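Understanding the architecture of this molecule
Each chain is listed here by its residues.
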Amino acid sequence: MADDPQAIVRHYHEATKHHRHRYAPSLGYLDWATQPHPFRRFEGAPLLELPFSESDGAVAFDAIYDGAAEPRPVGVDTIAGLFYFSMALSAWKQHGGSRWALRVNPSSGNLHPTEAYLVAGVVPGGSEGPAVFHYAPDVHGLERRAELDTPLPEGVMLIVLTSIHWREAWKYGERAYRYCQHDAGHALAAIRLSAGLLGWSVRLLTAASRGDLAALVGVDRDDGGHHHEPEVADMALLLETQRGGPPCPWDGEEIASLVVGRFHGVANRLSEAHHPWPIIDEVERAVNAAARPGGEAPMPGDGELLPCGAIAPPSVTTDAGSLIRRRRSAVAMDGRTGMTAATFFRMLARTLPTAACRPWDVVPWTPRVHLGLFVHRVEGLAPGLYALVRNDEHVDALRASMHENFAWCQVPAAPAWLPCYLLAEMDTRDPARTASCHQDIAADGAFSVGMLAWFDPALNTWGPACYPQLFWETGAIGQVLYLEAEAAGVRATGIGCFFDDAVHEIFGLHGRSFQSLYHFTVGRPVDDTRITTLPAYERADRTGR
Ligand SMILES: Cc1cc2nc3c(=O)[nH]c(=O)nc-3n(C[C@H](O)[C@H](O)[C@H](O)COP(=O)(O)O)c2cc1C
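Attention in this report is confined to the structure presented alongside it. Given the structure is predicted, the values throughout are model-derived calculations rather than measurements. (Residues numbered from 1 in each chain as written. Predicted model: local features only at pLDDT ≥ 70, side-chain atom pairs only at ≥ 80, totals over all residues. Heavy atoms only, no water.)

Each helix and strand counted, the protein has 16 helices and 20 strands in total. Counting only C-alpha atoms, the protein reaches 65 × 55 × 50 Å along its principal axes. Relative to its full complement of 545 residues, the protein shows a buried share of 62%. Both charge centroids of the protein, one from 46 positive and one from 64 negative side chains, sit 5 Å from each other. (Helix = DSSP H or I, 4+ residues; strand = E, 2+ residues; numbered from the N terminus. Buried < 20%, exposed > 50% of the residue type's maximum accessible area, 1.4 Å probe, protein only. Lys, Arg positive; Asp, Glu negative; His and termini not counted. Charge placed at Lys NZ, Arg CZ, Asp CG, Glu CD.)

Have a look at this one:
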């Protein structure tokens with residue numbers, strides 16, 4: 001196993017499962033003395049403050065999925081919009097002597113391991129030539145990291161997402177690598193949806209090597225904070241900002257040929273001291289060792305699974321931008337309020353991938369993640385276990401892997417095109433709560449979800465590099481559920497803490513063909529009234545934005 005990347009990844013996954021009587025290894029307490037600084041900054045790098053472009057979000061909410069906005073020209077204001085609706089701060093919270101920032105994208109423990117880098121050509125009002133920038137959410141600005149000596153193709157920009165594993169490992173120990181990948185998936189979907197508001201298309205470059213990406217954005221430099229808290233490249237997104245011409249043929253290999261000039265600034269150090277978690281470095285190395293991320297199997301044909309237009313309208317009429325920026329995790333749910341079946345079906349439908357419908361057009365692989373549903377309070381539906389099968393090709397394998405006595409009866413009240421099945425009628429509140437590390441929030445909403453990934457077969461087919469991809473897909477589903485919950489006037493919460501094999505037992509999953517990778521809950525939130533909310537940016541207030 002010492003050198004076999006497949007074995008290392010599988011070992012990591014098993015070793016970081018939570019069990020009812022044994023959690024995955026972590027410190028077991030919060031070492032406040034080593035708490036990471038919440039923001040990565042590059043000291044000495046020139047800062048370009050971005051404006052606040054609220055107007056980019058002033059469209060109907062459903063336009064985030066299928067709106068056909070005319071592509072907006074690249075400029076400081078549109079790049080500002082791209083980040084303002086995906087990775088920016090959304091509020092500050094205050095309680096007692098503590099104050100903490102929240103962001104448009106969610107993060108396990110609010111620790112935010114994901115950083116975003118923009119690689120762009122000329123940006124009118126911002127940059128006279130191609131350059132690499134780091135997005136600094138604390139100031140809503142771009143730190144200019146380096147000039148690029150090679151031009152990018154016309155109408156093309158790149159976003160590189162990276163992770164600082166230490167941020168999550170500080171609190172969660174060995175399981176942290178998983179959480180970093182969930183967060184990257186949330187960010188991936190957030191960026192795809194925000195680019196859509198500007199009329200820009202986005203594609204994940206699956207052939208980009210993580211080493212080339214690290215060199216491009218300078219996170220492979222062992223200086224300053226990078227020496228203390230390594231930052232690794234996860235993925236590259238190709239943004240096309242013009243329409244009409246032939247699509248950019250890049251698949252990611254081209255990144256190796258981009259020549260970067262001298263880097264400006266040095267990464268800040270995040271913690272004074274660190275606890276090592278070698279298994280995280282090992283799994284990262286194993287994922288990197290694999291040739292190319294691969295998984296280029298095509299999506300199901302355009303609209304084959306679901307014509308976007310067939311989905312019921314959202315319950316609220318708030319514009320897309322406000323809704324995206326007010327996304328929040330519920331910290332508790334009321335244990336009473338349910339939702340209508342129409343709302344439930346709409347939410348599920350939005351998680352279904354079609355090549356035509358965002359954010360699913362960003363990933364080039366056929367779906368590998370299904371929803372195991374704990375339905376507690378949905379009007380007209382019997383409480384019980386249900387399944388949403390996001391890829392037809394897996395329905396037989398899922399059935400064969402689950403309890404033999406499951407009904408697999410297509411839900412009669414659901415639209416005929418929605419692959420939603422009743423498995424077993426039962427009171428799902430206790431099983432959901434227990435499986436989600438005894439968190440009441442999993443039982444007190446309208447429904448909760450275990451995201452069941454096609455696991456061993458995917459690793460066998462695409463190799464260890466698809467391990468993070470499975471989590472990215474769950475994160476992207478989670479991002480849609482978060483926004484859908486806001487659009488339904490309720491709220492959602494991602495749940496990274498669950499007893500892996502206990503979930504598998506509930507569904508009868510044996511073997512490792514399917515593994516639960518992420519949980520979610522949706523319902524009526526109960527707010528903590530002791531917490532005060534403050535604006536995300538004082539600068540925006542001062543400018544009267
Ligand atoms: C991957 C992931 C796992 C999470 N796990 C849990 C969890 O187990 N329990 C919980 O109450 N919240 C969980 N959360 C919610 C976070 O605590 C929340 O996103 C964070 O505090 C930031 O708040 P916000 O989502 O309102 O911006 C999770 C979020 C993510 C993205």
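Within the structure, the ligand sits among 21 residues, and Arg327, Arg328, Ser329, Gln439 and Gly494 are positioned closest to it. The contact in question runs from an oxygen atom of the ligand to an N or O atom on the side chain of Ser329, over 2.6 Å. For the ligand, whose free accessible area comes to 620 Å², the fraction covered by protein is 84%. Among the elements of the structure, strand S4 (98–103), helix H5 (176–197) and strand S18 (491–495) are those that each provide at least two residues to the shell around the ligand. Looking at side-chain class alone, the shell around the ligand contains six nonpolar, eleven polar and four charged residues. (Near = heavy atom within 4 Å. Polar contact = N/O pair within 3.5 Å; in protein donor to acceptor, adjacent residues only side chain to side chain. Areas by Shrake-Rupley, 256 points an atom, 1.4 Å probe, with all protein chains shown as cover. Nonpolar A, V, L, I, M, F, W, Y, C, P; charged D, E, K, R; others polar.)

Once that is clear, we can look at the sheet that holds strand S15 (residues 409–410). A sheet is described by the order of its strands in space; here seven strands give the open sequence S15-S16-S14-S13-S17-S19-S18, paired in antiparallel fashion. At either margin of the open sheet sits one strand with a lone partner, and together these are S15 and S18. Sheet contacts for helix H15 (residues 500–507): strand S13 (369–375), strand S14 (384–388), strand S16 (420–425) and strand S19 (514–523); angle to S19, the most-contacted strand, approximately 85 degrees. (Pairing = 2+ DSSP bridges. Contact = heavy atoms within 4.5 Å. Axes fitted to C-alpha atoms, helices over the stretch in contact; angles between N-to-C directions.)

Glancing now at the packing of helix H1 (residues 5–15) against helix H8 (residues 278–289). It is the contact of H1 with H8, at a shortest axis distance of 9 Å, that shows an interaxial angle of 140 degrees. Put simply, H1 runs oblique to H8. H8 is crossed by H1, and the crossing has left-handed handedness. Two secondary-structure elements touch here, H1 through Pro5, Ile8, Val9, His11, Tyr12 and Ala15 and H8 through Ile279, Glu282, Val283, Ala286, Val287 and Ala289. (Parallel < 35°, antiparallel > 145°, perpendicular 65-115°, else oblique. Left-handed = near helix turned anticlockwise from the far one by under 90°.)

We now examine the environment of Arg399. Tracing the backbone through its elements, the reader meets Arg399 in helix H11 (residues 395–401). Under the relative-accessibility criterion, Arg399 is labelled partly exposed at 43%. If sequence neighbours within four positions are ignored, Arg399 has contacts with Ala407 and Trp408.

Time to look at the state of the cysteines. All chains considered together, the criterion is met by one disulfide. One disulfide bridge connects Cys437 with Cys497, the sulfur atoms lying 2.2 Å from each other. What sets the handedness of the Cys437 and Cys497 disulfide is the S-S torsion sign, and at about -90 degrees it is left-handed. In this pair, Cys437 sits in the loop between helix H12 (429–435) and strand S17 (447–454) while Cys497 sits in the loop between S18 and H15, placing the two residues 60 residues apart along the sequence. For Cys437, a relative accessible area of 9% translates into the label buried. For Cys497, a relative accessible area of 23% puts it in the partly exposed group. The closest cysteine sulfur to the non-disulfide-bonded Cys409 is located on Cys420, 9.9 Å from its own sulfur. Owing to a relative accessible area of 35%, Cys409 belongs among the partly exposed residues under this scheme. (Disulfide = S-S within 2.5 Å.)

The full count for this structure, using the stated rule, is 31 salt bridges. Of the charged contacts in the structure, one is a salt bridge between Arg512 and Glu14, with a shortest N-O distance of 3.6 Å. You can see Arg512 sitting in the loop between H15 and S19 and its partner Glu14 sitting in helix H1, a full 498 residues away along the chain. Taking the relative accessible area as the measure of exposure, Arg512 reaches 32% and is therefore partly exposed. Looking at Glu14, the relative accessible area reads 30%, which means it is partly exposed. Taken together, the shared-partner salt bridges connect Glu14, Lys17, Asp501 and Arg512 into one network. (Salt bridge = Lys/Arg side-chain N within 4 Å of Asp/Glu carboxyl O.)

One open sheet holds the three strands; their spatial order is S4-S3-S20, and the pairing between them is antiparallel. Of all the strands in the sheet, just S4 and strand S20 (532–534) have a single pairing partner and so form its edges. When strand polarity is set aside, the average angle formed by the axes of neighbouring strands in this sheet is 30 degrees. As judged from the three bridges shared by strand S3 (residues 89–95) and S20, these two strands associate in the antiparallel manner. Following the sheet pairing, Trp92 is matched in S20 by Leu534.

This part takes up the packing of aromatic side chains. Throughout the structure, instances matching the rule amount to 21 aromatic pairs. The interplanar angle of 65 degrees and the centroid separation of 6.4 Å between the aromatic rings of Phe39 and Trp92 together place this pair among those described as edge-to-face. Remark: Trp92 occurs in strand S3 and Phe39 occurs in the loop between H1 and strand S1 (42–43); sequence separation between them is 53 residues. Among the residues examined, Phe39 registers a relative accessible area of 8% and is labelled buried. Seen from their ring centres, Phe61 and Tyr65 are 5.7 Å apart, and the 85 degrees between their planes marks the pair as edge-to-face. For the pair formed by Phe61 and Tyr65, the shared burial category is buried. Grouped by ring-pair contacts, the aromatic residues Tyr12, Tyr177, Phe455, Tyr467 and Phe471 constitute a single cluster. Between Arg175 and the ring centre of Phe498, over which it is positioned, the NZ or CZ distance is 4.8 Å. Stacked on the ring of Trp360, the Lys or Arg Arg390 has its end atom at 4.8 Å from the ring centre. (Phe/Tyr/Trp six-rings, centres within 6.5 Å; stacked < 30°, edge-to-face > 60°. Lys NZ or Arg CZ within 6 Å of the ring centre and 35° of its normal.)

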